[in-house]
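Each chain is listed here by its residues.
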Amino acid sequence: MEMMGIINLSESDDYLGNLTDERPFAAVPFAGRYRMIDFTLSNMVNSGVTNVGIFIQHKYRSLMDHLRSGKEWDLARKRGGLFFLPPAYSRFPLQIHRGDVDNFYTNLDYISKSPQKYILVSGANILTNLDYREALAAHQGKKADITILYANIQNPKQDCRGSYILETDHEERINNLVEYAGQESSQKMCIEMFIMDKKMLLQLVNNCIAYGDYDFIKHCIIKNCNKLKIYGYCHQGYVARIASLQSYFQHSMSLLKPEIWKELFFKSGLIYTKVKDEPPAKYTHRAEVTNSLVASGCHIAGKVENSILFRGVKVQEGAWIKNSIIMQKGEIGSQVILENVICDKDVHISDGKHLKGEENYPLVIKKGWVI
Amino acid sequence: MQKKKCVAMLLAGGQGSRLGVLTQKVAKPAVEFGGKYRIIDFTLSNCYNSGINTVGVLTQYKPLLLNSYIGIGSAWDLDRQNGGVYVLPPFVKEYGGEWYKGTADAICQNINFIDQFEPEYVLVLSGDHIYKMDYSLMLEYHEQKNTEVTIAVIEVPWEEANRFGIMSIDENHQIIEFVEKPQEPKSNLASMGIYIFSWPVLRKYLQEDERNIQSTHDFGKDIIPKLLREKHELFAYPFIGYWKDVGTIESFWEANMDLLSDQSTLQLHDPAWRIYSVNPTCPPHYLAATAKVKNSLLGEGCMVLGEVENSVIFPDVYIGMGAKIRNSIVMTGVRIEDNVRLDKAIIGRNAVLHSNTVVAAPAKEDKQDIVVVMADIVIPPNSKIQESSIV
């Protein structure tokens with residue numbers, strides 16, 4: 001594969017509230033056993049990308065614990081493999097971190113010494129299952145300077161908040177990227193995945209630094225829309241952008257539709273994650289589980305509907321869980337009723353408690369709390 | 001090579017012919033078990049959890065899958081710089097080579113392998129039992145008794161004692177008599193096929209046994225009786241806990257069903273004694289609005305639209321609408337279409353059962369036979385299967 005990958009985690013991650021109190025966005029648990037970053041990383045690996053650098057920025061302990069050597073993604077390699085690229089260091093005392101171009105600049109050596117010709121830069125807030133080889137072929141076919149992956153979003157109100165929208169001509173050439181401004185019609189949403197020649201990236205980064213610019217999308221991409229041949233590549237298929245707690249909740253719940261479950265987990269490759277060696281899920285005589293996703297290691301004696309249970313969750317007899325997400329090792333006591341609740345990891349709800357959130361405003365219980 | 005106090009030798013070459021079609025393509029230790037595992041996972045995990053990190057696995061019968069499954073042992077954290085797991089198939093020597101002629105011969109042919117670690121003790125294990133056991137406690141016992149041989153024993157029901165190698169012991173747990181499958185058992189302490197030998201003693205007896213042309217080269221039949229005849233002190237290590245030899249279809253089915261009971265002494269959900277295995281890459285399983293799952297184990301990646309009761313379902317299984325699965329074991333990747341009915345069935349890996357098929361033996365009084373459907377088979381719609389498929 002002549003393409004290397006960069007996963008850029010320099011974006012702000014405060015919009016998921018308590019879920020990102022102690023972890024970066026990329027390490028937020030999703031879909032019963034994964035973390036957000038698993039999707040981008042697995043897509044890269046399944047597309048043959050074997051050299052992946054990750055820009056880590058803050059609160060990255062849990063992310064490093066999750067990825068470790070990269071073995072589960074087949075990225076523990078002698079040549080290439082997984083590289084953690086630490087935050088930009090400041091050249092002057094007390095210089096603040098201004099933007100992600102600093103991270104590129106700090107790690108320019110790693111990028112320029114990698115043997116691959118092309119580079120793929122991706123964020124980690126898009127959940128999809130795609131093959132980057134097709135996008136690279138399109139990039140080469142159009143002899144583009146930069147190719148930006150986008151998706152047609154039918155329901156932009158929910159997903160596009162804070163994203164960039166592409167303005168293209170009839171040949172998919174991009175004239176401009178603008179921040180989403182609340183339109184209701186279908187939008188070409190940038191899914192923050194960029195393919196370009198590595199030399200092009202090095203040049204863009206050096207130019208930015210020379211002019212004192214620091215934002216990758218604004219200054220490396222948008223500023224050059226008129227000078228460079230930038231094309232869009234439309235990714236067909238299921239795309240979920242996690243832009244808020246609401247969209248986190250809704251996209252989690254949409255996995256209960258079998259066609260979406262199948263597409264996200266099996267379409268062009270499998271999604272890998274850290275293994276936990278949990279036993280198969282156990283259902284007792286009293287278990288009543290419908291329309292739910294259940295991960296390994298669960299022990300269920302209660303009633304569960306329209307919910308997602310992560311690995312190692314215990315549900316006692318008489319408990320009733322609906323429209324909720326219970327993360328790893330949660331324990332739900334007997335006679336508990338939960339509705340529209342997200343329990344972070346290791347939450348223990350003691351017997352008889354009733355907790356209720358709203359469909360558009362789920363109640364989040366912080367990691368490790370006992371209620 | 002770094003010196004090791006104890007090296008484990010895991011006998012995994014047996015065919016397990018009484019498991020019929022389940023061992024048609026794989027050796028018995030590689031047979032799938034418990035909704036996720038293969039039988040050998042229990043022994044390998046016991047080794048890891050007991051702190052034994054040098055394990056030789058002796059393979060012979062259809063070893064392809066077993067060898068690739070074990071790989072370099074990373075699933076059990078046995079990929080080590082010093083020690084780790086070694087797959088040891090029979091090999092050719094200067095003057096020809098031969099198959100492993102028996103359990104003792106398999107280890108005898110690998111004396112050089114053991115010697116390189118200069119161990120004080122050798123732990124002999126078999127790869128076809130389901131149990132959780134801390135071998136380090138047995139090793140402590142062996143050292144404390146200052147003995148040359150320790151054999152793990154377990155109490156079995158008296159009426160089944162004639163199926164095992166039975167030990168008679170004195171009040172100090174010293175073994176007085178050992179009889180293979182006695183007609184009239186004098187005790188109900190059965191050998192678990194787990195031995196700790198002091199290596200110099202075992203080494204000497206293996207070499208003597210090798211020269212004896214009358215010998216069947218078996219631990220239970222030759223080595224242990226000879227040690228007793230020659231007045232060595234052998235001790236029994238009583239083990240309390242779940243232990244099952246899954247040598248027959250019935251015991252295999254029972255052991256799987258044992259996992260469903262909360263009272264069972266074999267609990268898979270035990271963070272202090274995890275059973276490790278090669279994990280499938282599958283999303284959490286999905287239970288549809290029509291699904292009903294009771295008293296069952298369910299693996300990852302399954303999609304269930306029908307009903308499942310008292311059953312063990314492996315990963316990546318599809319169970320269609322209206323299907324009714326009872327008292328059954330369904331292995332990885334099986335596809336069960338709408339309205340299929342299973343009762344007391346074992347469905348082999350990747351089999352496809354088209355709609356309206358019924359797999360169940362006719363019920364006779366209070367006993368019903370187990371029906372085994374072989375791996376990779378495709379059963380047409382509306383079939384009625386009442387007996388196990390033939391190899």
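Residues numbered from 1 in each chain as written. Chains lettered and ligands numbered in written order. Predicted model: local features only at pLDDT ≥ 70, side-chain atom pairs only at ≥ 80, totals over all residues. Heavy atoms only, no water.

### Considerations on unusual backbone geometry
The condition is simple: Going along the chain from the N terminus, every DSSP run of H or I of four or more residues is numbered as a helix, and every run of E of two or more is numbered as a strand.
Look at Glu192 of chain A: it is not a glycine, yet its phi comes out positive at around 55°. One non-glycine residue, Asp77 of chain B, adopts positive backbone phi at about 60°. Within the secondary structure, Asp77 of chain B is located in the loop between helix H2 (64-70) and strand S5 (84-88).

### Some points on the pattern of salt bridges
Note the cut-off: For this analysis, a salt bridge means a side-chain nitrogen from Lys or Arg found within 4 Å of a carboxyl oxygen belonging to Asp or Glu. Relative accessibility under 20% of the residue-type maximum defines a buried residue, over 50% an exposed one, and the middle range a partly exposed one, all with a 1.4 Å probe and only protein chains included.
Summed over all chains, the structure comprises 38 salt bridges over all chains. Here Asp74 of chain A ties to Arg77 of chain A by a salt bridge, and the two come within 3.8 Å at their closest N and O atoms. The partly exposed category is assigned to Asp74 of chain A, whose relative accessible area is 49%. Three or more residues joined by partner-sharing salt bridges are found here, namely Glu98, Lys101, Asp105 and Glu210 of chain B.

### Considering the pairing of strand S13 (residues 189-198) of chain B
Residues and elements named next belong to chain B. Applied cut-off: Two strands qualify as a pair provided that DSSP identifies no fewer than 2 bridges between them.
Counting buried residues in S13 gives 10 out of 10 residues, a clear majority hidden from the surface. In this sheet, S13 lies alongside strand S8 (residues 121-126) in antiparallel orientation, the contact comprising four bridges. By the bridge assignment for S13, Val122 is matched with Phe197. Sheet topology places strand S11 (residues 165-169) next to S13; two bridges connect them, and they run antiparallel. The residue of S13 that forms the bridge with Ile166 is Ala190.

### Points about the packing of aromatic side chains
The condition that has to hold: Two rings from Phe, Tyr or Trp (for Trp, the six-membered ring) form a pair when their centres are within 6.5 Å of each other. A pair whose planes differ by under 30 degrees is stacked, one over 60 is edge-to-face, and the rest are tilted. Here, a charge over a ring means that NZ of Lys or CZ of Arg falls within 6 Å of the ring centre while also lying within 35 degrees of the ring normal.
Following the criterion strictly, the structure yields 25 aromatic pairs over all chains and no others. Geometrically, the ring pair formed by Phe30 of chain A and Phe39 of chain A is edge-to-face, given 6.0 Å between the ring centres and 80° between the ring planes. Across the pair, Phe39 of chain A and Phe30 of chain A agree in class, each one buried. Arranged with centres 4.8 Å apart and planes meeting at 45°, the rings of Phe83 of chain A and Tyr110 of chain A form a pair that is tilted. Here Phe83 of chain A is found in strand S5 (residues 81-85), whereas its partner Tyr110 of chain A is found in helix H4 (residues 108-113), with 27 residues between them in sequence. Judged by relative accessible area, Tyr110 of chain A falls into the buried class, the value being 15%. Members of the aromatic cluster, each reached through a chain of ring pairs, are Phe30, Tyr34, Phe39, Tyr248 and Phe265 of chain A. It is Lys303 of chain A that lies over the ring of Trp320 of chain A; its NZ or CZ is 4.5 Å from the centre. The ring of Phe91 of chain B carries the charged tip of Lys93 of chain B above its face, separated from the ring centre by 4.5 Å.

### Describing the interface of chain B and chain A
What counts is decided by this rule: Any pair of residues with heavy atoms lying within 4.5 Å of one another is described as a contacting pair. Using a 1.4 Å probe, buried area is obtained as the accessible area two parts lose upon being combined, added over both of them. Under the scheme applied, nonpolar residues are Ala, Val, Leu, Ile, Met, Phe, Trp, Tyr, Cys and Pro; charged residues are Asp, Glu, Lys and Arg; polar residues are all the others, including Gly.
Chain B puts 41 residues into the contact, and the matching count from chain A is 38 residues. Buried surface at the junction of chain B and chain A, summed over both partners, amounts to about 3,200 Å²; 53% is from carbon and sulfur atoms. Its largest share of buried area at the contact with chain A, chain B owes to Thr281, Pro284 and Tyr286 of chain B, together 19% of the area lost on that side. If you look at where chain B meets chain A, you find three salt bridges. Where Asp79 of chain B meets Lys71 of chain A, a salt bridge forms, and the shortest distance between an N and an O atom there is 3.3 Å. Partitioned by chemical class, the residues of the side of chain B that touches chain A number 20 nonpolar, 15 polar and six charged. Strand direction decides the pairing type here: strand S14 (residues 281-283) of chain A and strand S18 (residues 296-298) of chain B, joined by three bridges, are antiparallel. Across the sheet, residue Lys282 of chain A finds its bridge partner in S18 of chain B, namely Leu297 of chain B.

### Notes on the pairing of strand S11 (residues 187-197) of chain A
All names here are of chain A. The buried fraction of S11 amounts to nine of the 11 residues, a majority that puts the element mostly inside the structure. As paired strands, strand S8 (residues 146-153) and S11 are joined by seven bridges and run antiparallel to one another. When the sheet's bridge partners are listed, Ala151 is paired in S11 with Met189.

### Points about the domain arrangement of chain A
Residues and elements named next belong to chain A. Cut-off, in case you're wondering: Either an automatic procedure or a domain database provided the assignment from which the domain bounds are taken. Contacts described as polar in this section are N or O atom pairs within 3.5 Å, which, within protein, must combine one atom able to donate a hydrogen with one able to accept it, while residues neighboring in sequence count only if both atoms come from side chains.
For chain A, the assigned domains read domain 1 (3-266) and domain 2 (282-365). Tallying the contact residues gives 20 residues for domain 1 and 23 residues for domain 2. Summed over both sides, the interface between domain 1 and domain 2 buries roughly 1,800 Å², with carbon and sulfur atoms accounting for 67% of that surface. Considering only the surface of domain 1 that becomes buried against domain 2, Gly32, Phe249 and Leu256 emerge as the three largest contributors, covering 34% of it. Taken together, the links from domain 1 to domain 2 amount to one salt bridge. Among the salt bridges present, the one from Asp344 reaches Arg23, with a minimum N-O distance of 2.8 Å. Taken together, the links from domain 1 to domain 2 amount to four residue pairs in polar contact (both at pLDDT 80 or more). Broken down by secondary-structure element, the contributors of at least two residues to the side of domain 1 that touches domain 2 are strand S2 (29-30), strand S3 (34-35) and helix H9 (245-254). Taken together, the residues that form the side of domain 1 that touches domain 2 break down as 12 nonpolar, five polar and three charged.

### Describing the sheet that holds strand S15 (residues 288-290) of chain A
Residues and elements named next belong to chain A. Keep this limit in mind: Each axis is a line fitted through C-alpha atoms, taken for helices only over the stretch in contact, and angles between the N-to-C directions span 0 to 180 degrees.
Judged by pairing direction, the sheet is parallel, and its five strands sit side by side in the order S15-S18-S21-S24-S27 without closing on themselves. If you trace the sheet from one side to the other, it starts and ends with S15 and strand S27 (354-356), each paired once. Taken pair by pair, the neighbouring strands of this sheet meet at an average axis angle of 5°, ignoring direction. Relative to strand S24 (residues 337-339), strand S21 (residues 320-322) is paired through three bridges, and the arrangement is parallel. Looking at S24, one finds that Lys322 is bridged to Glu339.

### Some points on the side chain of Asn107 of chain A
Tracing the backbone shows Asn107 of chain A in the loop between helix H3 (100-106) and H4. Residues contacting Asn107 of chain A, with those up to four places away along its chain left out, are Phe55, Leu85 and Pro86 of chain A.

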